[in-house]
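Here are the chains, one letter per residue:
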Amino acid sequence: MDEQYDARKIEQKWQEEWERSHLFEVDVQADRPKYYLLEMFPYPSGKIHMGHVRNYTIGDVVARYKRMQGFNVLHPMGWDAFGMPAENAAIANNTHPAEWTYDNIAYMRNQLKQLGFSYDWTREVTTCTPDYYRWEQWLFLKMYEKGMAYRKEAYVNWCEPCQTVLANEQVEAGMCWRCGQPVRQKKLNQWFFRITDFAEDLLVHCDQLPGWPEKVTTMQKNWIGRSQGAEIRFAVEESDTVIPVFTTRHDTVFGATFMCLAPEHPLVPQLAAGTEQAAAVADFIERISLQERTSKAVETYEKEGVFTGKYCINPMTGRHMPIYTANFALMEYGTGAVMSVPAHDQRDFDFAKKYDLPIIPVVNPEGETLVAAQMAEAYAGDGLMVNSGAFDGQPNRQAMEKIADLLEAKGLGRRAISYRLRDWGISRQRYWGAPIPMIYCDTCGTVPVPEADLPIVLPEDAHLLAGGRSPLPALDNFARTTCPKCGRTDARRETDTMDTFVESSWYFERYCSPKFNEGMFDREAVAYWMPVDQYIGGVEHAILHLLYSRYFTRVLHDIGLIDYKEPFTRLLTQGMVCKETMSCPQHGYLFPEQARDERGTLYCALCDQPVTLGRVEKMSKSKRNVVDPNVLLERYGADTTRLFCLFAAPPERDLEWSDQGVEGSARFLNRVWRLAGAWLDVVRGAAPYDGPVESLPDTLRQTYRKAHQTIEKVTRDIEDRFHFNTAISAVMELVNQMHAVGPDDGDADQRKSVMRHALETVILLLSPIVPHFAQELWHALGHTQSTLAVPWPVYRKDALVQEEATIVVQVNGKLRGRFTTAVDTDDDTVKQLALADERVQKFVGDKAPKKIVVVKNKLVNIVV
RNA sequence: GCCGGAGUGGUGAAAUAGGUAAACGCAGCGGACUCAAAAUCCGCCGGGCGCAAGCCCUUGUCGGUUCGAUUCCGACCUCCGGCACCA
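(A) Molecular detail of the overall build of chain A. Secondary structure assignment for chain A yields 26 helices and 37 strands. Counting only C-alpha atoms, chain A reaches 110 × 85 × 65 Å along its principal axes. At a minimum sequence separation of 6, the contacts of chain A that also span at least 24 residues come to 71%. For chain A, the computed accessible surface area is about 38300 Å², with 49% contributed by carbon and sulfur atoms.

(B) Broad picture of the protein's contact with RNA strand B. The full set close to RNA strand B counts 54 residues, and Thr248, Tyr333, Arg721, Lys814 and Asn861 are the nearest of them. When atoms of RNA strand B within 4 Å of the protein are split into backbone and base, the sugar-phosphate part holds 67%. Here a base oxygen of RNA strand B and a side-chain polar atom of Lys303 are 2.7 Å apart. Here a base oxygen of RNA strand B and a side-chain polar atom of Asn861 are 2.5 Å apart.

(C) Structural context of the packing of aromatic side chains. According to the stated counting rule, one finds 47 aromatic pairs in the structure shown. A ring pair is formed by Phe41 and Tyr507, whose centres lie 3.7 Å apart and whose planes are at 10 degrees; its orientation type is stacked. One end of the pair, Phe41, is in the loop between strand E1 (34–39) and helix H2 (50–68); the other, Tyr507, is in helix H14 (residues 507–510), with 466 residues separating them in the sequence. The class of Phe41 is buried, set by a relative accessible area of 8%. A centroid spacing of 6.5 Å and a plane angle of 40 degrees characterise the contact between Tyr43 and Trp100, whose relative ring orientation is tilted. Here Tyr43, found in the loop between E1 and H2, pairs with Trp100, found in helix H4 (residues 97–114); they are 57 residues apart in sequence, far enough to count as distant. Since its relative accessible area comes to 15%, Trp100 is described here as buried. An aromatic cluster of three or more residues is present, and its members are Phe140, Tyr144, Trp191, Phe193, Phe198, Trp424, Phe501, Tyr548, Tyr551 and Phe552.

(D) Quick peek at helix H6 (residues 199–206). In terms of residue burial, H6 counts as a mostly covered element, since 6 of its 8 residues are buried. The secondary structure elements touched by the buried residues of H6 are helix H7 (214–224), strand E10 (226–236), strand E18 (413–419) and helix H16 (544–559).

(E) Representation of the pattern of salt bridges in the model. Scanning the entire structure with this criterion turns up 47 salt bridges. In this structure, the salt-bridge partner of Arg422 is Glu332, at a minimum N-O distance of 3.7 Å. One end of the pair, Arg422, is in the loop between E18 and strand E19 (424–425); the other, Glu332, is in the loop between strand E14 (320–326) and strand E15 (337–340), with 90 residues separating them in the sequence. A relative accessible area of 24% places Arg422 in the partly exposed class. On the accessibility criterion, Glu332 (41% relative accessible area) is partly exposed. Here Glu712 and Arg716 are joined by a salt bridge, their closest N and O atoms 3.0 Å apart. Separated by 4 residues within a single helix, Glu712 and Arg716 lie in helix H20 (residues 698–721), roughly one turn from each other. Among the charged side chains, a network of salt bridges with common partners joins Asp201, Arg550, Arg554, Lys565 and Glu566.

(F) Representation of the nonpolar core in the model. Tyr36, Phe193, Trp424, Tyr551 and Trp657 are the most contacted members of the largest nonpolar core, which totals 118 residues. Here this core takes 9 residues from H16, the largest share from any one element. Judged by nonpolar contacts, the second largest core, of 70 residues, contains Phe668, Ile728, Met732 and Val754.

(G) Spotlight on the sheet that holds strand E2 (residues 72–74). The parallel open sheet is built from 4 strands, whose spatial order is E2-E1-E26-E27. Unpaired on one side and paired on the other, E2 and strand E27 (568–574) mark the two borders of the sheet. Between one strand and the next, the sheet's axes are offset by a mean angle of 20 degrees, whatever the strand orientation. Pairing of strand E26 (residues 532–538) with E27, which is carried by 6 bridges, proceeds in the parallel orientation. The residue bridging Tyr535 from the neighbouring strand is Leu571, located in E27. H2 contacts E1, E2, E26 and E27 of the sheet and is inclined by roughly 175 degrees relative to E1.

(H) Molecular detail of the pairing of E26. Burial analysis of E26 places 7 of its 7 residues in the buried class, which makes it a mostly covered element. Direction of pairing for E1 relative to E26: parallel, over a ladder of 3 bridges. In the sheet register, Glu39 faces E26, and the bridge partner there is Ile536.

(I) The side chain of Arg54, seen in detail. Tracing the chain through its elements places Arg54 in helix H2. Here Arg54 is buried and forms no salt bridge, its nearest opposite-charge partner Asp654 lying at an N-O distance of 5.5 Å. Here Pro651 takes part through its backbone oxygen, which lies 3.3 Å from a polar atom of the side chain of Arg54.

(J) Structural detail: the environment of Trp18. Considering the arrangement of structural elements, one finds Trp18 in helix H1 (residues 7–20). Separated by 178 residues in sequence, Trp18 and Thr196 have C-alpha atoms that sit 47 Å apart.

Basis of the calculations
Here, residues in each chain are numbered from 1, in the same order as that chain's written sequence. By the order in which they are written, chains take letters starting at A while ligands take numbers starting at 1. In keeping with the model being predicted, local features are shown solely for residues with a pLDDT of at least 70 and side-chain atom pairs are shown and tallied solely at 80 or more, while totals for entire chains, interfaces and linings include all residues. To get the side-chain values, all heavy atoms of the structure are used, and hydrogens and water are removed first. Numbered from the N terminus, helices here are DSSP runs of H or I no shorter than four residues, and strands are runs of E no shorter than two. In this analysis, two residues are considered to be in contact whenever any of their non-hydrogen atoms come within 4.5 Å of each other. In this description, accessible areas are obtained by the Shrake-Rupley approach with a 1.4 Å probe, and a residue is regarded as covered only by the protein chains that are shown. We call a residue near a molecule or strand when any one of its heavy atoms sits within 4 Å of it. In the analysis that follows, any N or O atom pair within 3.5 Å is treated as a polar contact, provided that within protein one partner can donate a hydrogen and the other can accept it, and provided that, for residues neighboring in sequence, both atoms belong to side chains. Stacked, tilted and edge-to-face are the three classes applied to pairs of Phe, Tyr and Trp rings, where Trp contributes its six-membered ring and a pair requires centres within 6.5 Å; stacked means planes under 30 degrees apart, edge-to-face means over 60, and tilted covers the rest. For each residue, the accessible area found with a 1.4 Å probe, counting protein chains only, is set against the maximum for its type, and the residue is called buried under 20%, exposed over 50%, and partly exposed in between. Note on definitions: salt bridges are taken to be side-chain nitrogens of Lys or Arg within 4 Å of carboxyl oxygens of Asp or Glu. Take the buried residues of types Ala, Val, Leu, Ile, Met, Phe, Trp, Tyr and Cys, join any two whose side-chain atoms come within 4.5 Å, and each joined set is a nonpolar core. Only strands that DSSP links by at least two bridges are regarded as paired with each other. A fitted line through C-alpha atoms represents every axis, and for helices the fit uses only the stretch in contact; the resulting angles, taken between N-to-C directions, go from 0 to 180 degrees. Residues scored as positive are Lys and Arg, those scored as negative are Asp and Glu, and His as well as the terminal groups of each chain are ignored.

Treat this as a map of the structure, not an account of what it does.
Right, dumping it as structure tokens:
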């Protein structure tokens, strides 16, 4: 063992050794308990960033810990390799997306290896390879066959700069999640997955995921957005047409005075046809279709609409209700039609005021009577029914049930449930994605690619077009094909590719048998490894990726490939890595290395002006508050970097980067290194202490006890809640205690064996966190095996027991004194000792205590 | 607007079946070693008053329950995240 701790040297040495000995490679072992630990795989954007380092460090600690606990641990890594940045980079650098992607993967794989993560690299999965996406295409065909995938013309979110459609989940506050530009509506033929079929099941199971953060399941529940209500059928006057509406307030149906249809509702032009409103309606539809649907823009729109020229009949009151088309009615929700009850819905109220439509209150608040003419806003609360025929005087919640019964009895409607969740549109007008395996033939229509023809390989000889438009439609040798059904030679392939969230919805199954070429995965391997026991990743995927993965798992379940429904048993969403921002009046945001420190004041390295410190924010290239992992690896090595990421904050919380904190982590490792070096010759050949605790002299007994307490604490911190920060603190305390042991404590044999035990404990407890460091010291102690092969330390219960307890004494709840006594001293004796304390006497005086509370081995509270 | 989460020293954070608030770090201060510096080691380190013993205050604010509240309950303030014309 070197005198100096040389991180780079030992890290390289052990990484080579681990690779040579295939240490991290695992296989199905039916007789051993498995543990599947998964971290969200990265998009190969170029370089690993600190967010990845944190995520993967947390995962690696758990993987190594579980291995030492005796589990057969699957810990894979791969690449979410399709996606737009590859295209953008290819256009900017005049390369091909594939080249850019594979170069990045090679670079990032090397970075991950340098961090010492215990991945089984033989299981690496890269989603842009045909042997991966062919099975995705296969599943698409199965889904098509079962009606789970379908095509329809739909208004989609269209991003002009990106030239593509976006899923609802990819629209953030009305803007494209990637480029931040406004999203517009465009009508296109699109492929969809019928995720709404599983809306109820996905929702119900949110409450059966005890290993997930409640925050995430709540977000998913909100996203699915279940509403319970009724569908009521309104007949159009002088016509056979019936318009169903969805409402959650069927108790207010007697107060419905008009109806609103979404501008895109197919009935709107039909209703208006031949009436004097036809022209006005057509103008309105045209105008609304051009409006931006961004929520920002929507907020500023006034509620407006146009009369269609037709009326419908309120099935309860027989009222003659004008039918409007209005901008606030959404085609995508419910039936695209709203029964408007202005007295009890704010939007309807605003609309009624604007167009002078009748307002009829039908639910009075407790002890109040609403008068339409005096209402300033709608009343949406509960109360007693009024103006509702036989239901008058009843509580509205009760009437709601009876009205539903009545509607059902008379065939005028039924109870219904509506979801906010929409089907998942997966078509993307992009090149760098998995081709959708469909063919369009003028004779046969839409024809699936025969299974035998898979994979439909994405042609790699395509040249990207300016602006990012897909080259596929114009690529004749790809787009032109023969119809598999009739043999026509002028059939055309689908040239849209799949949303990249499709790849990430099943990669965890592929890891179980990554090279399997007879199907998506080897069912036996999946049966052994799945579900994932612990999944770790960023909270930004709380809805998109996690909901889609849960959905895909249900699809695979329904097809009969797997027998579980939930893919991830436990989920940890780690916080962001943040750092303070710095800016200079002239140069804007500065990189950390662009600030020069002069006696505590920072100056811009470019112009010498003082630097302004900004708020602590998520590390991002645009804010320039980033730390490059390469620099840390170079300067401190992987172990210090890993240690700091775990020590600075508990995993679920945001981590504030601190260069001084990193320095402190390095200092701790050096301290342990020197401690080990100082004792190495003494403990060589000794066996770890295992004798009676009481017979040890003071310092050694305390050290031995501390070692066992530390094992207990660290194990609990990792096992129960992944609080590595407190686990590390505990080891630091043990190390501090070991420093107190001098060359004269106890006899030589006791000293040797107690220190051997303590040293081995420190090394093993730290080994999942700083694996190279621990391995080197373990080796120096004379061990030849890997720390991963050593069982996780177990504490001795009898060694935890203290012989003395410190009792604090309170008078009226205030701390007034303390004393030590033998543990488990009986309450009466403790009371006497407490009352005898001089300071306590001062506060008690000659007053007789009203009550004395004793908490064993902890505290006495005297109430006077 | 609705739904979540969080507010603790100079600072990152500890401590919840209610029981010594601030463990462990970082920064700072003092000392040892050194020609000096770095590194290292030892000590101090919430605020106020006091020579001191000690006393008072302190976990966003205000109340409540309790012998005792960072922890439980109620109201409010601030910050962060999610959803938002969803009928």
